[in-house]
Amino acid sequence: MKRGDIASKILFLCASFSTLIVFLIIIFLLREGISALNWNFLMGMVWSPHKNLYGIFPTLLGTLVVVAGAIIIATAIGVPCAVFLAEFSPFWLRNMIKSTVEVLVGVPSVVIGFFGLIVIIPFIRNNLGGRGESILAGWIVLAIMSLPHIISLSEDAIRAVPTSYRQASLALGATKWQTVRRAVLPSASSGMRAAIVLGVGRAVGETMAVLMVVGNPETPWIPTGVLDRVRVLTSTIAIEFSYAEWGSPHQYALFAIGVVLFFIVVALNLVATFVIRRRNWNG
Amino acid sequence: MDELTKENIIKAGLCASVVITILILPVIVVWVGSNGIGVISWEFLTGRPYRFELGGIFPQIVGSIYLVSLCSLLGAPLGVASAIYLAEYAPNNVITQTVRFFTETLAGMPSIVIGLFGLEFLVYYLQLKTSLLAGAVSLSFMTLPWTIRASEEAIKMVPRGYRDASLALGATKWQTILKIVLPAASPGIITGILLGMGKAMGETAVVWLTSGSGLEAFVPRSLRSPTGSLTMYIYLLATQGHTSESMSRAFGASLVLLVMFMAVSVSALIVRNYYLRRLGPR
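The rules behind the values
- Residues numbered from 1 in each chain as written.
- Chains lettered and ligands numbered in written order.
- Predicted model: local features only at pLDDT ≥ 70, side-chain atom pairs only at ≥ 80, totals over all residues.
- Helix = DSSP H or I, 4+ residues; strand = E, 2+ residues; numbered from the N terminus.
- Buried ≥ 20, exposed ≤ 12 C-beta atoms within 10 Å, placed from the backbone.
- Contact = placed C-beta atoms within 7 Å.
- Nonpolar A, V, L, I, M, F, W, Y, C, P; charged D, E, K, R; others polar.
- Core = buried A, V, L, I, M, F, W, Y, C linked by C-beta atoms within 7 Å.
- Expected span 1.5 Å × (residues − 1).
- Bend = angle between axes of the 7 residues up to and from the residue.
- pLDDT = per-residue confidence, 0-100.
- Axes fitted to C-alpha atoms, helices over the stretch in contact; angles between N-to-C directions.
- Parallel < 35°, antiparallel > 145°, perpendicular 65-115°, else oblique.
- Left-handed = near helix turned anticlockwise from the far one by under 90°.

A. Structural context of the overall build of chain B. Within chain B, the regular secondary structure consists of 11 helices and 2 strands. From first element to last, N terminus to C terminus, chain B shows the α and β order α-α-β-β-α-α-α-α-α-α-α-α-α. Looking at chain B residue by residue over its 282 residues, the buried ones come to 51%. Of the contacts made within chain B by residues no fewer than 6 positions apart, 78% connect residues no fewer than 24 positions apart.

B. Local environment of the overall build of chain A. In terms of helices and strands, chain A carries 11 helices and 2 strands. For chain A, the spread of C-alpha atoms along the principal axes amounts to about 70 × 70 × 30 Å. Within chain A, counting contacts between residues at least 6 apart in sequence, those at least 24 apart form 74% of the total.

C. Structural view of the interface of chain B and chain A. Each partner contributes to the interface: chain B provides 72 residues, whereas chain A provides 69 residues. Tallying contributions element by element places helix H1 (residues 3–36) of chain B first for the side of chain B that touches chain A, with 18 residues. For the side of chain B that touches chain A, a count of residues per class yields 44 nonpolar, 18 polar and 10 charged.

D. Representation of the environment of Leu 182 of chain B. Residues and elements named next belong to chain B. For Leu 182, the position within the fold is in helix H8 (residues 173–201). On the neighbour-count criterion, Leu 182 (18 C-beta atoms within 10 Å) is partly exposed. C-alpha separation for the pair Leu 182 and Ile 155, spaced 27 residues apart in sequence, amounts to 7.1 Å.

E. Unusual backbone geometry, seen in detail. Residues other than glycine seldom take positive phi values, yet Asn 216 of chain A does so here, at roughly 45°. Along the polypeptide, Asn 216 of chain A turns up in the loop between helix H9 (208–213) and helix H10 (233–240).

F. Structural view of helix H10 (residues 230–240) of chain B. Counting buried positions along H10 of chain B yields 9 of 11 residues, so the element is predominantly enclosed. If you check which residues of H10 of chain B are buried, you get Leu 230, Thr 231, Met 232, Tyr 233, Ile 234, Tyr 235, Leu 236, Leu 237 and Ala 238 of chain B.

G. Fine view of the nonpolar core. Residues Val 66, Val 111, Val 141 and Leu 142 of chain A together with Leu 67 and Ile 234 of chain B are the most contacted members of the largest nonpolar core, which totals 183 residues. A per-element tally of this core places helix H6 (residues 135–159) of chain A first, with 16 residues. Not counting the four nearest positions on each side in its chain, Ile 234 of chain B is found in contact with Val 110 and Phe 114 of chain A together with Ala 250, Ala 253, Ser 254 and Leu 257 of chain B.

H. Focus on helix H1 (residues 3–33) of chain A. Across its 31 residues, H1 of chain A extends 45 Å between first and last C-alpha, which sits within 8% of the 45 Å expected from 1.5 Å per residue. Considering bend angle alone, the principal kink of H1 of chain A is centred on Phe 17 of chain A and spans about 35°. The set of residues buried in H1 of chain A consists of Ala 7, Leu 11, Ala 15, Phe 17, Ser 18, Ile 21, Val 22, Ile 25, Phe 28, Leu 29, Glu 32 and Gly 33 of chain A. Summarising the contacts, the buried residues of H1 of chain A are in contact with helix H11 (249–275) of chain A together with helix H3 (58–89), helix H4 (94–108), helix H5 (111–125), helix H6 (132–157) and H8 of chain B.

I. Main features of the confidence of the model for chain A. Averaged over every residue, the pLDDT of chain A is 90; the share at 70 or more is 97%. Within the model, pLDDT remains below 50 along residues 279–283 of chain A, and this stretch shows 6 contacts once partners closer than five positions in the same chain are excluded.

J. Just the environment of Ile 27 of chain A, in detail. For Ile 27 of chain A, the position within the fold is in helix H1. The spatial distance from the C-alpha of Ile 27 of chain A to the C-alpha of Gly 78 of chain A is 36 Å, given a sequence separation of 51 residues.

K. Structural view of the packing of helix H8 (residues 176–205) of chain A against H11 of chain A. Residue and element names in this part refer to chain A. One can describe the packing of H8 onto H11 by two numbers: an axis separation of 9 Å at closest approach and a directional angle of 170°. Classified by the angle their axes make, H8 and H11 are roughly antiparallel. Within the contact between the two elements, H8 uses Ala 194, Val 197, Leu 198, Val 200, Gly 201, Val 204 and Gly 205 and H11 uses Leu 261, Ile 264, Val 265, Leu 268, Asn 269, Val 271 and Ala 272. A breakdown of the residues in the contact of H8 with H11 according to their chemical character gives 11 nonpolar, 3 polar and no charged.

L. Here's a closer look at the packing of H6 of chain A against H8 of chain A. All names here are of chain A. For the pair H6 and H8, interaxial distance at closest approach is 8 Å and the crossing angle is 150°. When the axes of H6 and H8 are compared, the pair comes out roughly antiparallel. In the packing of H6 onto H8, the handedness of the crossing is right-handed. Each of Leu 142, Ser 146, His 149, Ile 150, Leu 153, Ser 154, Ala 157 and Ile 158 in H6 lies in contact with H8, whose residues at this interface are Val 184, Ala 188, Gly 191, Met 192, Ala 195, Ile 196, Leu 198, Gly 199, Arg 202 and Ala 203.

M. Local environment of the confidence of the model for chain B. Confidence along chain B averages 91 in pLDDT terms, with 98% of residues attaining 70 or more. With pTM at 0.92, the complex prediction returns an ipTM value of 0.91.

What follows is the structure, given as structure tokens:
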């Protein structure tokens, strides 16, 4: 066999490693979590390890509410930002904003959570009442975390629209904004929808920042207002894994939450990749 | 209202959204900096933590550096190799699409799920215990897809002419990749690895479950020792320490973490800007 052939085989094995990890993840999560996964787990209203009750419905709903609000805020700010970046900004400004956004993607979430804990929570407590730890605080913090993802993915989608579309529209006498609104955005919309779906996936999986501001009541309930404390899936695992006895139903339930998170993320990824035809990474 | 006025109003609105976005980062940096600078002292940087209110963060700083370096040592070669395959060899078929899909899936995997997996698979099943090694390997699972994506993009940006020239001189494909494509793409690859290191440095959930959830008072002595990290220290002090003394220590540690994180990220961006300038405008 030629050296190049051997190299390509070895490289293929390396490239398959990520796939292997994804499979190992689900196998090992299921190994622990499968015994806890059933209808009562998904639809149960009470989560109380003391009473051996493990129902995640209120937690699931809490996650949904926090993520939905955060994504709405992040989209409302992020999409216009992406439009400006892709269509209106001069080169130097675009470079600067993109760099900021890229740094923002990696800002330690524990620092953002700390910011929420020290600044946002007291602000809510003093101005709106309640304990401060709330859905609202979760929205703000999670929107900060999701914003950079939404911006960079939607900007990619907008820039993927061929220049000829813009030229044709401008040549017909349309203004810049008319061009963007009537010619560019409609063609970019499927890519932007995919960006939002992926942003939802990221937000569902965010742990630290949300954990520090949503309150995590001992027994979660169905939230009735934006100042209610809630629990989310990720925070339940993070807070309880250290005192869940290894081999107990409590531990199995926590792994089962991991399985639920896994499938939510895979489902959202499938939607973004196949249902909404995304700009291919193959370029 | 005529079209031009409308256009200006819309532009102003778009600008506002940009201003909000770029202000977030400086606001947080300044907030952490102004609250944290007071705590920073030689003793704080070189001492060991003792309870929540006393001592320093030396084991945490070293722990974070160990975790991040080991993570990229393990993850970077694998990531670059995967990227070479995907960019240069992968045929456009179902297998390649599957590999790509799962790489993307791993990129979107919640860090707490990776942490749970690390806890089950590495800590218990492979019996690595809660340790530096378990933490670094779990972190490399998390950063791997990001390294792959950045390296693949860098490799694809190398102009076709480079490859054609090398092949025309009689070099094999493998020689071309090794001697021409990789050196040309290396700044982009380094950027990707650095951005991955920044992500690993700021990660809390993964290290919490796999490398140590307490206020570790010692610098790890081996790969099997529990390892503290700055992120874990900040989390513990911010949520469980209730005195102003522990809060100010959390600020101090946040400042140190942010400085380390910004150093890594900014050097990543500098390397890339240099790279883009060298390749010329696209």
